[in-house]
Amino acid sequence: MEDKQRVYFVVDMKSFFASVECAERGLDPFQTNLVVADLDRTEKTVCLAVTPAMKKLGVRNRCRLFEIPKDIDYVVAKPRMKKYIEYAAEIYGIYLKYIDKNDIHVYSIDECFIDATDYLKIYKLRAKDFAKKLMNEISEKLHIPSTVGIGTNMFLAKIALDITAKHSPDRIGWLTEEKFKKELWHHRPITDFWQISKGTAARLEKYGIYDLAGVANFNEDVLYKEFGVNAELLIDHANGKETCTIADIKNYKAKSKSLGASQILPCNYDFKDAKLVMSEMVQSGCYELARQNCVTQLLHIFVGYGDNKEIAKATKRMHETTNLFSIIGKYVENLFDEIVDKKRPIRRLGYDFDELASGEHEMYDFFTDNSKIEKEKKLVQTILTLQDKYGKNAVLKANDFEEKATQRTRNKLVGGHNGGED
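Criteria and cut-off values
- Residues numbered from 1 in each chain as written.
- Predicted model: local features only at pLDDT ≥ 70, side-chain atom pairs only at ≥ 80, totals over all residues.
- Heavy atoms only, no water.
- Pairing = 2+ DSSP bridges.
- Helix = DSSP H or I, 4+ residues; strand = E, 2+ residues; numbered from the N terminus.
- Contact = heavy atoms within 4.5 Å.
- Axes fitted to C-alpha atoms, helices over the stretch in contact; angles between N-to-C directions.
- Buried < 20%, exposed > 50% of the residue type's maximum accessible area, 1.4 Å probe, protein only.
- Parallel < 35°, antiparallel > 145°, perpendicular 65-115°, else oblique.
- Left-handed = near helix turned anticlockwise from the far one by under 90°.
- Nonpolar A, V, L, I, M, F, W, Y, C, P; charged D, E, K, R; others polar.
- Core = buried A, V, L, I, M, F, W, Y, C linked by side-chain atoms within 4.5 Å.
- Salt bridge = Lys/Arg side-chain N within 4 Å of Asp/Glu carboxyl O.
- 1 Å grid on protein atoms, 1.4 Å probe; cavity = no way out; pocket = protein on both sides within 12 Å on 5 of 7 lines; lining within 4 Å.
- Points joined across faces, edges and corners; volume = space filled by probe spheres on them.

Participant: Describe in detail the sheet that holds strand β3 (residues 49-50), supporting the description with residues and values.
Facilitator: In spatial order, the strands read β3-β2-β4; together these three strands make up an open sheet with mixed pairing. In this open sheet, the two edge strands, each paired with only one partner strand, are β3 and β4 (75-77). Lying on the sheet, helix α1 (residues 16-25) is in contact with β2 (34-36), β3 and β4; it crosses β2 at an angle near 120°.

Participant: Could you give an account of the environment of Thr-382, with specific residues and numbers?
Facilitator: Inspection of the secondary structure assignment puts Thr-382 in helix α15 (residues 370-390). Overall, Thr-382 belongs to the partly exposed group, its relative accessible area being 43%. In sequence terms Thr-382 and Ala-116 are 266 residues apart; their C-alpha atoms lie 46 Å from each other.

Participant: Hey, could you go over the packing of helix α3 (residues 81-98) against helix α5 (residues 127-142) for me, with residue numbers and the actual values?
Facilitator: Relative to each other, α3 and α5 sit at 140°, their axes nearing to 11 Å. Judged by the angle between their axes, α3 and α5 are oblique. Both α3 and α5 take part in a crossing whose hand is right-handed. Contact with α3, carried on its side by Tyr-87, Glu-90, Ile-91, Ile-94, Tyr-95, Lys-97 and Tyr-98, involves Phe-130, Lys-133, Leu-134, Glu-137, Ile-138, Lys-141 and Leu-142 of α5 and no other residues of that element. Classifying every residue of the contact of α3 with α5 gives nine nonpolar, no polar and five charged.

Participant: Describe unusual backbone geometry, naming the residues involved and giving the relevant values.
Facilitator: The step from Arg-188 to Pro-189 runs through a cis peptide bond, and the omega angle for that step is 5°. One can find Pro-189 in the loop between α7 (177-184) and α8 (198-205). Of note, Lys-124 is a non-glycine position whose phi angle comes to about 55°, a positive value. As for its placement among the helices and strands, Lys-124 is situated in the loop between α4 (117-122) and α5. Here the phi dihedral of His-143 falls at roughly 60°; this positive angle occurs in a residue that is not glycine. Along the chain, His-143 falls in the loop between α5 and β7 (146-151).

Participant: Go over the nonpolar core, please, and point to the residues and values.
Facilitator: Counting 41 residues, the largest nonpolar core has Phe-9, Phe-16, Tyr-95, Ile-114, Phe-130 and Ile-144 as the members making the most contacts within it. Breaking this core down by element, the ones donating at least two residues are β1 (8-13), α1, β2, α3, β6 (111-115), α4, α5 and β7. With eight residues, α3 is the single largest residue contributor to this core. Those residues in contact with Phe-9 that lie beyond four places of it in its chain are Cys-112, Phe-113, Ile-114, Ala-116, Ala-127, Phe-130, Ala-131, Leu-134, Val-148, Gly-149, Ile-150 and Ala-157. Among the nonpolar cores identified, the runner-up in size contains 35 residues, and Val-282, Tyr-331, Val-340 and Ile-373 belong to it.

Participant: Quick rundown of the sheet that holds β7? Include the residues and the values.
Facilitator: Judged by pairing direction, the sheet is mixed, and its five strands sit side by side in the order β5-β6-β1-β7-β8 without closing on themselves. Bordering the open sheet on either side are β5 (104-108) and β8 (172-175), each of which pairs with just one other strand. For this sheet the average axis-to-axis angle between neighbouring strands, irrespective of direction, equals 15°. As paired elements, β5 and β6 share four bridges and run antiparallel to each other. Its bridge partner lying in β6, Val-106 is registered against Cys-112. Against the sheet, α5 makes contact with β1, β6, β7 and β8, and its axis sits at roughly 160° relative to β7, the strand it touches most.

Participant: Lay out the pattern of salt bridges in plain terms, naming residues and giving numbers.
Facilitator: For the structure shown, the criterion picks out 25 salt bridges. Lys-128 serves as the salt-bridge partner of Asp-170, at 3.7 Å between the closest nitrogen and oxygen. One end of the pair, Asp-170, is in the loop between α6 (154-164) and β8; the other, Lys-128, is in helix α5, with 42 residues separating them in the sequence. Overall, Lys-128 belongs to the partly exposed group, its relative accessible area being 30%. Salt-bridge contacts for Glu-183 lead to Lys-179; the nearest nitrogen and oxygen are separated by 3.1 Å.

Participant: Summarise empty space enclosed by the protein; cite the residues concerned and give the values.
Facilitator: Using the criterion set out here, one finds one cavity of 30 Å³ or more in the structure. Taken together, Leu-276, Ser-279, Glu-280, Gln-283, Lys-397, Asn-399 and Asp-400 form the lining of the largest cavity. By residue class, the composition of the lining of the largest cavity is one nonpolar, three polar and three charged.

Pasting the structure below:
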């Protein structure tokens with residue numbers, strides 16, 4: 001790689017959750033058949049991770065437990081999201097020993113981008129040697145195997161990780177624009193490439209395009225007509241180019257801010273029980289708004305039925321700008337009554353608070369009783385103090401103890417999965 005070119009790494013922990021469970025048991029993930037899944041959710045539960053040893057036997061990642069061949073003996077580890085976060089923090093700490101935080105972009109719990117350009121000169125190492133140094137330290141300290149993609153821009157580094165590194169004995173792949181065109185321009189399926197979905201692939205197939213060479217050599221006007229402004233990114237990537245840098249990501253500020261949550265219910269719920277759970281979710285969301293000192297005026301809710309993939313959804317702009325459940329909850333309840341078919345089973349629920357603003361923009365109509373508002377705000381702050389000190393289940397409503405309520409269970413989850421504390 002030339003000195004003038006930037007050098008990016010994408011470091012990925014191999015089968016991260018499964019590798020952590022192996023590390024905790026003193027096992028080798030390349031030799032151990034282990035899956036991370038919550039048996040409390042029945043055999044239809046999705047495996048969050050499987051070890052490389054399981055993948056060698058043909059077991060795909062994110063499969064369901066019942067899909068694993070019966071002749072394979074394996075260990076099932078219950079998800080422990082707090083433990084995985086602890087490991088991720090320690091891995092990030094290893095990066096910080098060698099790299100400034102401004103040159104690191106955390107992409108997910110087990111993957112990050114690193115602009116390694118300036119550090120190669122500092123440590124007098126070639127790109128592959130520096131990558132191996134990081135990989136070896138993670139392995140020696142935490143017993144977690146990793147994979148690294150190296151590229152002259154962030155896109156190429158990501159593709160080197162996703163496509164090239166998995167075929168390399170040292171689990172390191174690297175690409176320049178020239179190498180990319182030589183080795184991967186005609187790679188299929190095109191969906192193997194970062195940010196190309198099945199939907200995008202289907203739209204390209206209409207024009208007889210099945211690989212990135214086809215994109216690069218196709219009429220750009222037609223691509224812009226088909227994909228709009230997104231065509232620019234598609235064309236750049238087809239030519240191995242990417243203008244975005246980690247500095248650009250660090251400096252990016254969203255035009256608007258939102259907060260929301262969704263959940264898949266453990267079984268089909270009737271209208272009444274689903275409405276209870278939606279109320280719980282929105283109550284929790286209002287607490288989070290208060291915790292962040294934010295208010296909202298725009299609401300979205302959606303409800304997915306259990307008998308097909310149909311979704312009922314609605315949006316409401318409130319008269320008030322607030323974070324108080326006494327107000328927001330009534331709007332959500334009315335929307336729920338308006339859009340939901342009371343006779344159909346319900347399996348999915350979700351809400352969004354959109355166009356968030358700081359608490360100083362709180363606003364109520366002329367008829368609002370301000371004394372009640374202040375009383376509720378003080379109560380909320382007391383609840384938040386207790387929850388922060390003793391946990392979210394320290395203060396609950398009577399409805400949270402209903403048979404079909406889910407909030408007590410969800411308060412123990414991290415990222416929608418078991419946090420590791422029963």
